[in-house]
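Given next are the chains, with one letter for each unit.
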Amino acid sequence: MSPAILTVILLVVSNIFMTIAWYGHLKLQSTGVSASWPLWLVIICSWGVALIEYSFQVPANRIGFEGNGGPYSLMQLKIMQEVITLVVFVIFSLIAFDNFSLRWNHYLAMLLLVGAVALVFYK
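Residues numbered from 1 in each chain as written. Predicted model: local features only at pLDDT ≥ 70, side-chain atom pairs only at ≥ 80, totals over all residues. Heavy atoms only, no water.

With respect to the overall build of the protein
Across its full length, the protein carries four helices and zero strands. Moving toward the C terminus, one meets the helices and strands of the protein in the order α-α-α-α. Judged by the C-alpha coordinates and their principal axes, the protein covers about 50 × 35 × 20 Å. Sequence-distant contacts, at least 24 apart, represent 71% of the contacts inside the protein between residues at least 6 apart. Counting every atom, the protein has about 8,000 Å² of accessible surface; 73% of that belongs to carbon and sulfur. Taken together, the 5 basic and 4 acidic charged side chains of the protein have centroids lying 2 Å from each other. (Helix = DSSP H or I, 4+ residues; strand = E, 2+ residues; numbered from the N terminus. Contact = heavy atoms within 4.5 Å. Areas by Shrake-Rupley, 256 points an atom, 1.4 Å probe, with all protein chains shown as cover. Lys, Arg positive; Asp, Glu negative; His and termini not counted. Charge placed at Lys NZ, Arg CZ, Asp CG, Glu CD.)

Just geometry here; none of it tells us what the structure is for.
Structure below.
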């Protein structure tokens, strides 16, 4: 598999875990699963999920970074990661939260981020 594709796959997987670590506890709280948990326990659980996220994020950056022989510059890696984060977040939120909806300004913000990706790859 090419380093370019492997990097993107690893970034997607890492962002799935990151989104669960950052926002999954809100869903657990709203369903009553973790509503009575102390904050320190929620933080520890989120850190545990984030550790899995790092296990994909760090290799993605190492494989993809041009300084290590990969195809992407540091800025390209960062901007791609932000757009992947946004896509994963939107999908997660639409599935997990009934009251989540997208408005025109959200679509425009996403379009601008996609534009940022195009700009960062422009020579």
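What follows picks up the thread again.
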